[in-house]
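Descriptive structure summary
Read off the chains here:
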Amino acid sequence: MRKLLMAGNWKMYKAAGETTAYFEKFLPLVTASSHADIVICAPYVNIPAAVAAAAGSRVEIGAQNVFWLQEGAYTGEISGPMLAGVGARWVIIGHSERRQYFHETDEAVLKRTQAALESGLRPIVCLGERLEEREGGGTEEALRAQFHGGLARLSEQQFTRVAIAYEPVWAIGTGKTATPEIATDAHRHLRGLIETRYGKQVAAQTRILYGGSVKADHTKGLMAQTEIDGALVGGASLDPVSFASIVNF
Ligand code: PEP
């Protein structure tokens, strides 16, 4: 049985003071939510404030990216040991906004994932098809290519520490959520790819989250699907009451 993982991606929103205020409202609403692991991925500079505010609660803190080397002359980059050192436990890797605006490749996703694992961070690796790929009937091929270009090159031991987020690009920040059926088909396809590469047992234990305009009113329908093991939530995670209603669907 896979435990649900409900992760918030704050993207480039909230300053340190807003971070603390968020947790004051959010934590009491999720103290009893033992049905799910709960993660908030904050902007780098707010991770210490988020870790301090969430201390002693069941909410863990993550980052939204990580560089693949531990240290060096790489101006502007942040490494796995730096993130782990300030108390981050998770990291989003390969988000479509990184792929689209910062030309993130599957190769870079692989290197970042390996670096995160070496630092003891738990990666949430995102993949998903673009609108033109879906409309052209190329969804499965797009997912296959992303999987084989990156994740499938992890060892089995590495892969078992990874959660995957299926995030169709056409659903992110657009208000268009995938239906439970569309998400289920994609998750089944991904689980099949995992099974072929890593075997039945690993496939059965891998958490595959859905992400793309998740809101409180349709979370129940998505989470009712046995293939869907949680959600990666952008916009709706910025409000503590709205994210708590998603967590508690
Ligand atoms: C995301 O940032 O991963 C995401 C799915 O965003 P939104 O929920 O706003 O579509």
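Everything below is about the structure shown above.
Residues numbered from 1 in each chain as written. Predicted model: local features only at pLDDT ≥ 70, side-chain atom pairs only at ≥ 80, totals over all residues. Heavy atoms only, no water.

1. Focus: the pairing of strand 4 (residues 90–93)
Keep this limit in mind: Buried, partly exposed and exposed residues are distinguished by accessible area as a fraction of the type maximum, computed with a 1.4 Å probe on protein chains only: under 20%, between the cut-offs, and over 50%, respectively. The helix count covers DSSP runs of H or I at least four residues long, the strand count covers runs of E at least two residues long, and both are numbered beginning at the N terminus. Classification remark: right-handed applies to a crossover when, strands pointing away from the viewer, the course from the first strand over the helix to the second runs clockwise. Each pair of strands is called paired provided DSSP finds at least two bridges between the two strands.
Of the two faces of strand 4, the one holding Trp-90 and Ile-92 and the one holding Val-91 and Ile-93 are both buried throughout. Remark: the strand 3 (residues 59–63)/helix 3 (residues 80–85)/strand 4 crossover connection has right-handed handedness. By the bridge criterion, 4 bridges tie strand 4 to strand 5 (residues 122–127) in an arrangement that is parallel. Following the sheet pairing, Trp-90 is matched in strand 5 by Arg-122.

2. Digging into helix 9 (residues 180–198)
To keep it simple, the criterion reads: Take the number of residues in a helix, subtract one, and multiply by 1.5 Å to get its expected span.
Taking 1.5 Å per residue as the helical rise, helix 9 with its 19 residues ought to reach 27 Å, and the 26 Å between its terminal C-alpha atoms agrees with that figure. Taken together, the buried positions of helix 9 are Ala-183, Thr-184, Ala-186, His-187, His-189, Leu-190, Arg-191, Leu-193, Ile-194 and Tyr-198.

3. What to know about empty space enclosed by the protein
The condition that has to hold: Both cavities and pockets are sets of points on a 1 Å grid over the protein atoms alone; in a cavity a 1.4 Å probe fits but cannot get out, in a pocket the set is open with protein on both sides within 12 Å along at least five of seven lines, and lining residues sit with an atom within 4 Å of a point. Grid points are joined across faces, edges and corners, and a volume is the space filled by probe spheres set on the points. Each residue is assigned to one of three groups, with Ala, Val, Leu, Ile, Met, Phe, Trp, Tyr, Cys and Pro labelled nonpolar, Asp, Glu, Lys and Arg labelled charged, and all others, Gly among them, labelled polar.
If you walk through the whole model with that rule in mind, you get 1 cavity of 30 Å³ or more. When its volume is computed, the largest cavity comes out at roughly 30 Å³. Taken together, the residues that form the lining of the largest cavity break down as 3 nonpolar, 3 polar and 2 charged.

4. Structural notes on the packing of aromatic side chains
The criterion, for reference: When two rings of Phe, Tyr or Trp (its six-membered ring) have centres within 6.5 Å they constitute a pair, described as stacked for plane angles under 30 degrees, edge-to-face for angles over 60, and tilted for the intermediate range. We call a charge positioned over a ring when the NZ of a Lys or the CZ of an Arg lies within 6 Å of the ring centre and within 35 degrees of the ring normal.
Inspection of the entire model under this criterion finds 10 aromatic pairs. On the basis of an interplanar angle of 55° and a centroid distance of 6.3 Å, the ring pair of Tyr-166 and Tyr-210 is categorised as tilted. Taken together, the positions of Tyr-166 in strand 6 (residues 163–166) and Tyr-210 in strand 7 (residues 208–211) put the pair 44 residues apart, joining distant regions of the chain. Side by side, Tyr-166 and Tyr-210 carry an identical accessibility label, which is buried. Ring pairs connect the aromatic residues Trp-10, Tyr-22, Phe-23, Phe-26 and Phe-243, which therefore count as one cluster. Sitting over the face of the ring of Trp-10, Lys-14 holds its NZ or CZ atom 5.4 Å from the ring centroid. Lying across the ring of Trp-68, Lys-111 places its NZ or CZ 4.3 Å from the centre.

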